[in-house]
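Analysis of the macromolecular model
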Amino acid sequence: MTKEVEMSTKYEPQKVEQGRYQEWVEKGLFKPNGDKKAKPYSIVIPPPNVTGKLHLGHAWDTTLQDMLIRQKRMQGYDTVWVPGMDHAGIATQAKVEAKLREQGVSRYDLGRDKFIDKVWEWKDEYADTIHQQWAKMGLSLDYGRERFTLDEGLSKAVRKVFVTLYNEGLIYRGEYIINWDPQARTALSDIEVEHQDDQGAFYHVKYFFADPDFTFNGKNYIEIATTRPETMFGDVAIAVHPSDERYQDLVGKEVILPLQGRHLPIIADQYVDPEFGTGMVKITPAHDPNDFQVGNRHNLERINTMNDDASMNENAGKYEGLDRFEARKAMVKDLEDQGYMIKIDPIVHSVGHSERTGVQVESRLSTQWFVKMDKLAKMSLANQDTDDKVNFIPERFEHTFKQWMENAHDWVISRQLWWGHQIPAWYHKETGEVYVGEEAPKDVENWEQDPDVLDTWFSSALWPFTTMGWPDENAADFKRYFPTSTLVTGYDIIFFWVARMIFQSLKFTGKRPFKDVLLHGLIRDEQGRKMSKSLGNGIDPMDVIDKYGADALRWFLSNGSTAGQDLRFSYTKMDAAWNFINKIWNASRYVIMNLDQVDKPQLPALNELNLADRWILSRLNHTVEQVTHFFDVYDFGEAGRALYTFIWDDFCDWYIEMSKEILNGDDQTAQVNTQNVLAYVLDQTLRLLHPVMPFVTEKIWLSMPHEGESLVTAAYPVSHPELTDEAAEEGISHLIELIKAVRNIRSEAGAPMSSPVDLLIKTDNEALVKLFNENRDYIDRFCHPAEFELGATVEAPKLSMSAVITDGEIYIPLAELVDLDEEIARLEKEEQKYEQEVNRVVKKLQNEKFVNNAPAAVVEEQRTKKTDYEGKLAATRRRLADIRSGK
């Protein structure tokens, strides 16, 4: 048993936290305990992208994980929390390319190998930063197991998965319309596209009939509206709905493509909406996903008019080389000048933008690699009907998951990037034969590897089991810790990540990747806005820690957590969090300063303890039960509220104040007993708090008598039924009610708390009389009575202030201070308050649904409240009647 130096008089988080984390790491306290008989509990960290510093969302996410792993470690589980980072292909490459552009260099200037070297330099720099931030947050990660999505072990797993899916026909290569990022020059999946409202226009253009003698409705042209005239040179047909009687005579005719002269057939297809616009649409298969499908049905040519940087190509004629938007302006001018433009209607429409670079996405015809989703999606949905299902918290997000799976499109997994897992496919230089394998072909000089890389989410989807050693199914960690226990992540990446982990895990391990997935929301600013660079409302969690300490930030993040809900950051709440820790610090100093007769905290026999001692132990026991339960159901906000109420109200405001009466008295046995209770309650409270506030709890705990090396590995509190004492809780609640009532009267009358006043208590409850008489020391300390009268025969002085308590009435004669009219007004407010309480409880008890469905204890509690409120209402009315009759 060792103690650190005494605690300073002021809570200073920087001093408390300094050097502590390094000690934990050096002592190996975050490693599994090695007890093979213990139940395993594992978490894999959602790997942050090596694109920059961690933000408040990461801080929230990892705080919740750390709370879980710390609690389970203290509860004796064989725990492991695997750290790691994601290479984040497009995001990281975009950052490095932006940095190079500032230097006047492009990736093409460097070449692939040298560019990749630059990205690794970036990765190493930001990985170091992330490590420092993890340390500052106090995250109890097992660094010996750290992984990176591009390390050799994960790369091997990625290749195995790709080859297996390919051989089973679940990965294929084909030409399709995909989302294209012209700045990053890569394909994007649907969920990497963010839609936003942009200013645009409908351009109404004349398409003249190829037959100069043919007219329709008196015109020698048809009117076609488009929002993207720059793609016109990719038009291959005009389509109408087959049942649209207006245009039956047009099907089979031809029109001339404006500005170019090519003939386009008019065809009929179900895709066309007869109610929209003119009911005629141009078909551009290489630039629109719906047109692509129409083109397939009618065997139409696909004409791509753009390069991969969204400049116009040779198929755009004289507009070749122009940027797409410059080409639009030039073509619109030419259409106007040459008499093709009918009108231009300005509109605001939803346009896709790249999630990573922010540029407007193009629908582009491209040869890409895809994962066929049909079988994988059905397998994932079927698993949710088994005992091996993934439990979503909150449950409503299971519907979100299922809905996406039921409508999942084939997943485009190839990216035209250099940073990432290069696709394990090779093309023979002479024959064009395709070879897909985990290793390169033997005569590799005759083969050329596909230059594309895999979507970042392809490797991230394997994270829960590849970090455990898969594809080696005999790997110790894989056998011991997989499936993982809990995944904590934001609800915004259910589609990106959670869903993909589920189907990949089921496919390759036959098991769910995690038992539970806890989904939290987004952190917003105080006004409820999403944090962004454009609004300038982003907050660096490291700056918050510098000001308030990591424990205060963690307390705020955990205490504000409601599963599935967003959280508003607030400096006011941060101030409150710091104040709470300061309260704990000062209370702990008081306790530690009064442990002179305690070498080893040990609870005395319960029958030797006084009422306050038994009460605080009972309240502690209830708190242990509540906090443990709320952690088990991931309701950290309620766990925090239970802790706050016990620490601030029960322990600090009442028990510590009551203990002073004993510690300043002459009964040495009572003093030792109270010191032991103080030590025990503080010890257990610090253990309860440790998962949330690891730094300050460790500092305090090491400053008091203790056994063990660290709170990190100390035993978590458990419920002790023998400590639950309902009689003690009821007794102290009566005393607190009395003390609060006297304080309220003093406050309203302007009588200082320290000035003695006569105190009369009328009650015919013998148990209450006995309780108050046996605890006169507390009444004297907190109420300061000059004269004290107690019993059924007490009469109310005419000029006095009064209050109603359970089974009793309080009178304090304050003749010179009492204004009877004000006292009547005050009692009338009390009467109204009790009337409302009675009505509320009666209404609740008259609700059959509540009475029949609520737990019996809850119903009984409401009945007890009804009796209590009715008694207080009757006593208040009697007092009002007495005063009114005496006027």
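Structure: above.
Residues numbered from 1 in each chain as written. Predicted model: local features only at pLDDT ≥ 70, side-chain atom pairs only at ≥ 80, totals over all residues. Heavy atoms only, no water.

**Considerations on the pattern of salt bridges**
Side chains that differ in charge, positive against negative, can pair when their charged atoms come close. According to the stated counting rule, one finds 57 salt bridges in the structure shown. With a closest N to O distance of 3.6 Å, D516 and K515 form a salt bridge. Within this structure, R228, E230, R324, R328 and E362 form a network of salt bridges that share partners. (Salt bridge = Lys/Arg side-chain N within 4 Å of Asp/Glu carboxyl O.)

**Overview of the side chain of Q384**
Within the fold, Q384 resides in the loop between α10 (374-383) and β15 (391-393). Looking at Q384, its side chain comes within polar contact range of the main-chain nitrogen of V390, at 3.0 Å. A distance of 2.9 Å separates the side chain of Q384 from the side chain of E398, its partner in a polar contact. Setting aside its immediate chain neighbours within four residues, Q384 contacts K389, V390, F392, E398, F401 and K402. (Helix = DSSP H or I, 4+ residues; strand = E, 2+ residues; numbered from the N terminus. Polar contact = N/O pair within 3.5 Å; in protein donor to acceptor, adjacent residues only side chain to side chain. Contact = heavy atoms within 4.5 Å.)

**Things to note about the pairing of strand β23 (residues 514-520)**
In terms of residue burial, β23 counts as a mostly covered element, since six of its seven residues are buried. One ladder, built from three bridges, connects β15 with β23; its direction is parallel. In the strand pairing of β23, F392 is matched with V517. You can see the chain leave strand β22 (residues 484-490), run along helix α15 (residues 494-509) and come back into β23, and the turn it takes is right-handed. (Buried < 20%, exposed > 50% of the residue type's maximum accessible area, 1.4 Å probe, protein only. Pairing = 2+ DSSP bridges. Right-handed = clockwise from strand over helix to strand, strands pointing away.)

**Re the sheet that holds strand β14 (residues 362-371)**
Across the sheet, which stays open at both edges, the four strands sit in the order β6-β5-β14-β16 with antiparallel pairing between neighbours. Only two strands of the sheet have a single partner each, and these edge strands are β6 (186-188) and β16 (411-412). Where strand β5 (residues 171-181) lies against β14, ten bridges are found, and the strand directions are antiparallel. Paired with I177 across the two strands is L365, which belongs to β14.

**Quick notes on helix α3 (residues 56-74)**
The terminal C-alpha atoms of α3 lie 27 Å apart, and with 19 residues this matches the ideal 27 Å at 1.5 Å per residue to within 8%. Most of α3 is tucked away, with 18 of its 19 residues classed as buried. G76 lies just past α3 and shows a positive phi near 95°. (Expected span 1.5 Å × (residues − 1).)

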